[in-house]
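Architecture at a glance
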Amino acid sequence: MIFELTPEQLAFKESIEQFAREVVAPRAAAIDESGEFPADVMRAAAARGLLGITISSAWGGAGRDYVSYALAVEAIARASATVAVSLSVTNSLVAELVAHAGSPRQRDRWLRRLTSGEAIGAFALSEPDAGTDAANQKTAAVRSGDGYRITGRKVWVANAEAASVVIVFASTRPERRGQGVTAFLVPMDAAGITPTSRADSLGVRGLGCMDLDLDLHVGDDHVLGEIDQGFRLAMWALQGGRVAIAAQALGIGQAALDEAIAHARRREQFGRPIANYQAIQWMIADMATELDAARLLTWKAAAAKDRQEESAVEASMAKLAASEAAHKAADKAMQILASAGYRRGSLVERLFRDVRATEIYQGTSEAQRMIIAASVLADESRT
């Protein structure tokens, strides 16, 4: 068993790390402070091929494997969690889903625009009563003339502030719950989409999250995939999305570890660097070990996404392990830096706020445990 990246993957990783240091990191604090969507950074990322990493070159993408995608998201998140999430929404949840299930016309209209950065994508699944229970869609799509009338409300729609297109999930057969949901690919400027508020969150600020009120008519050509099969598509997209969130968490956790190490080496107490004290060494050892273990799970999940149609369990394990390891790393970094980390505006303070979201969005840690447990309990070969 080989646990080494290929020369191509390593070269790609190094190029994105350089981009993250030179372009993303200098803007990260300002993005967090203002809460404004980082359109300038997204344009720069698009120029580097970061909005279509796994999309075929035939559609303007980079055509890279999923491990490379995870490496890129981690490198960007190490500089800015906000930029990493925004990139992953357009990549995993929108462009990949259009490439996977879109009609030729939908691909022609949107894929090159998404991969080039001309268009930003948004993914409208969550509702006031449909979070972890995502099948409980109250947004309705009712047959009307030559299409559907969609009415309802979506919440926490990342990228919505800047998006050109949104994938809307709506119930077409309410009596069937998850088996009666349809996905629609809708331009954000369609009449009847009303942004109602921009979410002001604790962390990952500047993500352009909006709540959307919907009362619009769309034609049959806006259906993404097949009627009543939208929930299956959402779960397919979230397999990739959760790998990306795992990679995002790793980036945040690694940044926390880096800052803790640097501080421990330069901070002196009782006449010597605090890195010489066993209490600090043990915290740093735990951080490094847990992050590396989660990184291997993330690479495993990324490789599984490339190899197989169904990789939900691998993605859930990666997201669970990485988000919780990163949370612990940010917490320990805060402890090591003490008042220097607790100060508003410090890097560790931002990382501490940003990392908490990774245990919540695209499925809480509890939801990931439910998915993992269901698979383990159903696997008779384990007994």
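The preceding data block contains the structure.
What you are looking at is a predicted structure, and each value in this text was computed from that prediction instead of being measured.

A look at the overall build of the chain
Within the chain, the secondary structure is distributed over 11 helices and 10 strands. Its C-alpha atoms give the chain principal-axis dimensions of about 80 × 55 × 40 Å. Taken over 383 residues, the chain has a buried fraction of 54%. A separation of at least 24 residues holds for 74% of the contacts in the chain among residues at least 6 apart in sequence. Approximately 16800 Å² of the chain is accessible, and the part contributed by carbon and sulfur atoms is 52%. Measuring between centres, the 42 positive side-chain charges of the chain sit 2 Å from its 47 negative side-chain charges.

Regarding the side chain of N159
Summarising the element assignment, N159 is placed in the loop between strand 3 (147-157) and strand 4 (165-171). Classification of N159 by relative accessible area gives buried; the value is 0%. Of the polar contacts made by the side chain of N159, one reaches the side chain of T90; its length is 3.5 Å. Those residues within four positions of N159 in sequence are excluded, and the remaining contacts are F37, S86, V89, T90, I120, G121, A122, L207, G208 and C209.

Regarding the nonpolar core
Ranked by size, the top nonpolar core spans 67 residues in total, and within it L50, I76, L87 and I336 carry the most contacts. Those elements giving two or more residues to this core turn out to be helix 1 (7-34), helix 2 (39-47), helix 3 (66-79), helix 4 (81-101), helix 6 (230-266), helix 7 (278-307), helix 8 (312-337) and helix 10 (347-355). If you tally residues by element for this core, the top one is helix 6, at 12 residues. Dropping the residues within four chain positions of it, I76 is found in contact with I16, F19, A20, V24, L50, V83, A84 and L87. Counting residues in hydrophobic clusters, the runner-up holds 34 residues, among them V98, L111, L185 and A234.

Let's talk about the packing of helix 4 against helix 5 (residues 104-116)
Helix 5 packs onto helix 4 with a crossing angle of 150 degrees between their chain directions and a minimal axis gap of 9 Å. The orientation of helix 4 with respect to helix 5, classified from their angle, is roughly antiparallel. Helix-helix and strand crossings are classified by hand; for helix 4 and helix 5 the assignment is left-handed. Between helix 4 and helix 5, the contacting residues are T90, V94, A95, V98, A99, H100 and A101 on the first element and Q106, R107, L111 and L114 on the second. Split by residue class, the contact of helix 4 with helix 5 holds 7 nonpolar, 3 polar and 1 charged.

So, the pairing of strand 7 (residues 210-219)
Regular strands show a simple pattern: their side chains alternate between the two faces of the sheet. Within strand 7, 7 of the 10 residues are buried, which leaves it mostly tucked inside the rest of the structure. Here strand 3 pairs with strand 7 via 9 bridges, running antiparallel. Counted as the bridge partner of Y148 is V218 from strand 7. Taken together, the 5 bridges between strand 6 (residues 193-198) and strand 7 define a ladder with antiparallel strand orientation. When the bridges of strand 7 are listed, P195 appears paired with L212.

Focus: the layout of surface pockets
Here the largest pocket is characterised by a volume of approximately 1200 Å³. Lining the largest pocket are 47 residues; nearest its centre among them are S126, I360, Y361, Q362 and G363. Within the residue set of the lining of the largest pocket, elements represented by two or more residues are helix 4, strand 1 (121-124), strand 3, helix 6 and helix 11 (365-378). With 5 residues, helix 6 is the largest single contributor of residues to the lining of the largest pocket.

A look at the pattern of salt bridges
For the coordinates displayed, the defined rule picks out 23 salt bridges. We note a salt bridge from R113 to E118, for which the minimum N-O separation is 3.3 Å. Taking relative accessible area as the criterion, R113 reaches 25% and is therefore assigned partly exposed. For E118, a relative accessible area of 54% gives the class exposed. With a shortest N-O distance of 3.0 Å, E324 and R369 are connected by a salt bridge. Residue E324 is found in helix 8, and its partner R369 is found in helix 11; the two are separated by 45 residues along the sequence.

A look at the packing of aromatic side chains
What the rule picks out here adds up to 3 aromatic pairs. For the ring pair Y66 and Y69, a centre distance of 5.0 Å and an interplane angle of 85 degrees mean the geometry is edge-to-face. Of this pair, Y66 and Y69 both sit in helix 3, 3 residues apart, roughly one helical turn. Its relative accessible area of 3% is what places Y66 among the buried residues. By relative accessible area, Y69 is classed as buried at 1%.

Digging into the environment of A72
Residue position: A72 is located in helix 3. As for A72 and E14, which are separated by 58 residues in sequence, their C-alpha atoms are 9.2 Å apart. Contact partners of A72, with chain neighbours within four places excluded, come to F12, I16, L50 and I53.

Rules and cut-offs
- Residues numbered from 1 in each chain as written.
- Predicted model: local features only at pLDDT ≥ 70, side-chain atom pairs only at ≥ 80, totals over all residues.
- Heavy atoms only, no water.
- Helix = DSSP H or I, 4+ residues; strand = E, 2+ residues; numbered from the N terminus.
- Buried < 20%, exposed > 50% of the residue type's maximum accessible area, 1.4 Å probe, protein only.
- Contact = heavy atoms within 4.5 Å.
- Areas by Shrake-Rupley, 256 points an atom, 1.4 Å probe, with all protein chains shown as cover.
- Lys, Arg positive; Asp, Glu negative; His and termini not counted.
- Charge placed at Lys NZ, Arg CZ, Asp CG, Glu CD.
- Polar contact = N/O pair within 3.5 Å; in protein donor to acceptor, adjacent residues only side chain to side chain.
- Core = buried A, V, L, I, M, F, W, Y, C linked by side-chain atoms within 4.5 Å.
- Axes fitted to C-alpha atoms, helices over the stretch in contact; angles between N-to-C directions.
- Parallel < 35°, antiparallel > 145°, perpendicular 65-115°, else oblique.
- Left-handed = near helix turned anticlockwise from the far one by under 90°.
- Nonpolar A, V, L, I, M, F, W, Y, C, P; charged D, E, K, R; others polar.
- Pairing = 2+ DSSP bridges.
- 1 Å grid on protein atoms, 1.4 Å probe; cavity = no way out; pocket = protein on both sides within 12 Å on 5 of 7 lines; lining within 4 Å.
- Points joined across faces, edges and corners; volume = space filled by probe spheres on them.
- Salt bridge = Lys/Arg side-chain N within 4 Å of Asp/Glu carboxyl O.
- Phe/Tyr/Trp six-rings, centres within 6.5 Å; stacked < 30°, edge-to-face > 60°.

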